[in-house]
Amino acid sequence: MIKHIVQIFLLIFLLQGCNQNKNKVTHKHTNDLIHETSPYLLQHAHNPVNWQAWKPEVLERAQKEDKPLLISIGYAACHWCHVMEEECFEDEEVAKMMNENFINIKIDREERPDVDQIYMDAIQLMSGNGGWPLNIVALPDGRPFWGATYVPKENWIKSLEQLVKLYKEDKGRVQQYAADLFNGINAINLVETNVDPDLYSLEQLETAVNNWSQYFDNFLGGYKRAPKFMMPNNWDFLLHYATANSKPEVMEQVNTTLTRMAYGGIYDHVGGGFSRYAVDTTWHVPHFEKMLYDNGQLTSLYAKAYAVTKNELYKKVVEETIAFVKSELWDENGGFYSSLDADSLDENGELEEGAYYVWTKEELQRLLEDDFDVFQDHYNINSYGLWEEGNYVLIRDKDEQEVAEKHGISIPALQEKMKNALAILKEERSKRDKPRLDDKILTSWNGLMLKGLVDAYRYLGHEEYLTMALQNAAFLEREMMQNDHALFRNHKEGKSNINGFLEDYATVIEAFLALYEVTFEDKWLLHAKSLLDYARIHFLDDESGMFFYTSDQDASLIRRSMETNDNVISASNSIMAKNLLKFHKLYPKEGYGDMAVQMLKNVQVNFDSSAQGFANWLHLVLYENQNFYEVAVVGEDYKALGKAIAKNYLPNSILVGSKGAGPIELLKNRDVEGETLVYVCIEGTCKLPVKTAADALQQIQSFQ
């Protein structure tokens, strides 16, 4: 009997082993990237190219073997990165050529923006253009001498053959070119200390905004160009400027842009959330990848715009964008994943850009039946909404009243029909192959999303958003902050192995400070200050007063970068300058204010000619030239009264509160037994305390 039982267990074991072997995927090639956690690097782990990650020992080997570096930089959601991988890096002929002649390094630009910055500057100096995939050939010490973005196989092989020949036969010429290019890369990174005593004035700012406005697309929003990037920091500043200076024409442009983006195909009407950019002038056809950093910033922007305008469209965008992020990018541990790919499998099993998102007219007619006619008008299932090959990208160009009147129904009836129709499409879309997920967690992008959630809670009042924000903040505190308040950059499967960059500190400081303003929990304020002080020690350039992008704890690259231009994400230095200015209001003896002013002076020479490239810096011009209010709420009902004040859009202010004495000077000696009082102050000088939010707002409006 026992013998039979043993035989049965042995048979089961063997069968399990057979099934495991049957399901096991075998690969012809595996390289060193198999040991990485980045989804982008892992996508290349089975290329025949002997890829390695960016590590000091790899660079040392290149110098010992006197082989040039071939550095290829991309990211998981990048369509053309996938195309080049398929055409070149999966090809054995190409791989043989690369392996014999180069040390091949693959970089996820989102994990290593420090490296990407240097080589992006290099290719722009070489060619005037940039983008991803970014392919660089460099000397063994890392100094570049050739670069390109996407290159088809035949041209790629020819280019590499010529470079190998040149490196072997005329190395001196290559080295001289690399040296000259290296000098250029360093020169464009320099920031000089401005000793001019005068700060940029409101009059100068008005001229700069007028010059800037010449590029606005007054009909379609954004700028008169294609492709169209959303540039949330541009419209965030212009919202601030328009409301602080009574500029209705600027406010109209902000509203036009936010409305058109929300109407456009760049916004996912079915599932919520924004794609990275539109390839056309109408915001119609997106580059379909969806990035956490865009959606975090746009959540914040639309929430602020809702606070100013009470436009229900903006509120809807906030709610649907957060719902998308929670559904698709939320990790159960409280962190947010990075992105969804542009590509997904089409009905033929081929990777196709946008396959998950587009519809044919026949599909829509079948699914929506009697409601198709009104849906067709609302979302332009016509020549305006047609993309290619009979596929439509949903886009609006009319308000609800116009569509409702045409079909003889009320606006609530139209809204109900569209809600039901989109629910049907969402259910149908769930049956499709989903875009690939980049499930690494990046500190700075989580900081941007945390700020978005805080602003959504602040201006819309939904408690769910505060709960999500606190869960995310707890994740950052637990997983990304070290005991000495150093930050990690990345996190995946319980591992973090890259030191944080300045943008990680800047965005998390900003988010923690914002979280303190809606919770009055001291630990978020104190965490933010500790991170600020850590950055001051390890990132500050004493000579210029600016902050380096990398810490003095990191291995040296060929250049220690200094980021000043605001792009799709604001420059880390501009976010830090704003943080410093706000912390000066709370800790006036720490010297933070002088640091912020010096940083502003260092870059203000650029504002006349390039305001849109320094939009986040321009908040500081308003902070310094107009009243900036410290608002302190003290007493038993401090949280409720603080919430009533916070829901108002007050960009030139910082809000603090406590039941009794708190950790900062503004909260000391202000508690009165049995009372909850609001103190409106400028640089610590306060008006008489008041008891209601309305009275506090009145004081802010009339402060002299």
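Scroll up to find the structure.
All values derive from a computational prediction rather than experimental measurement.

A.B. asks: For this particular structure, what's the right way to read the sheet that holds strand S4 (residues 144–148)?
C.D. replies: Read from one edge of the open sheet, four strands run S2-S1-S3-S4, paired in mixed fashion. The open sheet has two edge strands with one neighbour each: strand S2 (103–108) and S4. The sheet shows a mean angle of 20 degrees between the axes of neighbouring strands, direction not considered. Two strands pair when backbone bridges link them, and strand S3 (residues 134–138) and S4 are joined in this way by four bridges, in the antiparallel orientation. Residue alanine 138 lies in a different strand from S4, and its bridge partner there is proline 144. Docked against the sheet, helix H3 (residues 56–65) engages strand S1 (69–74) and S2, running at close to 160 degrees with respect to S2.

A.B. asks: Any chance you could explain the pattern of salt bridges here in plain terms?
C.D. replies: Tallying each qualifying case throughout the model produces 47 salt bridges. Among the salt bridges present, the one from glutamate 93 reaches lysine 153, with a minimum N-O distance of 3.2 Å. Of this pair, glutamate 93 sits in helix H5 (residues 92–101) while lysine 153 sits in helix H7 (residues 153–169), and the two are 60 residues apart along the sequence. On the basis of relative accessibility, which here comes to 27%, the residue lysine 153 falls in the partly exposed class. Taking the shortest distance from any N to any O, the salt bridge between lysine 523 and glutamate 477 comes out at 3.3 Å. Of this pair, lysine 523 sits in helix H21 (residues 522–538) while glutamate 477 is found in helix H19 (residues 463–480), placing the two residues 46 residues apart along the sequence. When its relative accessible area of 25% is taken as the criterion, glutamate 477 is described as partly exposed. Within the structure, one salt-bridge network assembled from shared partners comprises Asp108, Glu110, Asp438 and Lys440.

A.B. asks: I'm lost on the side chain of asparagine 135 in this one. Help?
C.D. replies: Inspection of the secondary structure puts asparagine 135 in strand S3. Of the polar contacts made by the side chain of asparagine 135, one reaches the side chain of serine 72; its length is 2.8 Å.

A.B. asks: Before we go on, may I ask you to explain the sheet that holds strand S18 (residues 629–634) in this structure?
C.D. replies: Backbone-to-backbone hydrogen bonds pair the strands of a sheet. The strands run either parallel or antiparallel. One open sheet holds the four strands; their spatial order is S19-S18-S20-S21, and the pairing between them is mixed. Either end of the sheet is taken by a strand with one partner, and the two such strands are strand S19 (653–658) and strand S21 (685–686). Of the strand pairs in this sheet, S18 and strand S20 (residues 677–682) are connected by five bridges, and their pairing is antiparallel. The partner of alanine 632 across the bridge, within S20, is tyrosine 679. Sitting on the sheet, helix H26 (residues 693–702) is in contact with S18 and S20, with an inclination near 15 degrees to S20.

A.B. asks: Please clarify how the packing of helix H23 (residues 592–603) against helix H24 (residues 615–625) should be interpreted in this entry.
C.D. replies: Relative orientation and spacing of two packed helices are given, respectively, by the angle between their axes and the distance between those axes. Where H23 contacts H24, the two axes come as close as 10 Å, and the packing angle between them is 120 degrees. The pairing of H23 with H24 is recorded here as oblique in orientation. The two elements H23 and H24 cross, and the hand of that crossing is left-handed. From H23, Val597, Met599, Leu600 and Val603 reach across to H24, where they touch Trp617, Leu620, Val621 and Glu624. In terms of residue class, the contact of H23 with H24 is made up of seven nonpolar, no polar and one charged.

Conventions used here
All residue numbers here refer to positions counted from 1 along the written sequence of the relevant chain. Only residues with pLDDT of 70 or above have their local features reported here, since the model is predicted, and side-chain atom pairs are shown and tallied only from 80 upward, although totals for entire chains, interfaces and linings are computed over all residues. Only hydrogens and water are removed before side-chain values are computed, so all heavy atoms of the structure are retained for them. Strands are treated as partners if at least two bridges between them are detected by DSSP. Under the scheme used here, helices are H or I runs from DSSP no shorter than 4 residues and strands are E runs no shorter than 2 residues, and both carry numbers assigned from the N terminus. Every axis corresponds to a line fitted to the C-alpha atoms, with the helix fit spanning only the stretch in contact, and the corresponding angles, defined between N-to-C directions, vary from 0 to 180 degrees. By the convention used here, residues are in contact when the closest approach between their heavy atoms is within 4.5 Å. By definition, a salt bridge exists where a carboxyl oxygen of Asp or Glu is found within 4 Å of a side-chain nitrogen of Lys or Arg. For every residue, the accessible area obtained with a 1.4 Å probe (protein chains only) is divided by the maximum for its type, and the residue is called buried under 20%, exposed over 50%, and partly exposed between those limits. For the purposes of these results, a polar contact is taken to be a pair of N or O atoms within 3.5 Å, where, inside protein, one atom must be able to donate a hydrogen and its partner to accept one; residues adjacent in sequence count only when each atom of the pair is a side-chain atom. In this scheme, roughly parallel covers angles under 35 degrees and roughly antiparallel covers those over 145, while 65 to 115 is roughly perpendicular and the rest are oblique. By definition, any crossing whose near helix is turned counterclockwise from its far helix by less than a right angle is left-handed, and any crossing with a clockwise turn is right-handed. Any residue outside Ala, Val, Leu, Ile, Met, Phe, Trp, Tyr, Cys, Pro, Asp, Glu, Lys and Arg is labelled polar, Gly included; the first ten of those are nonpolar and the last four are charged.

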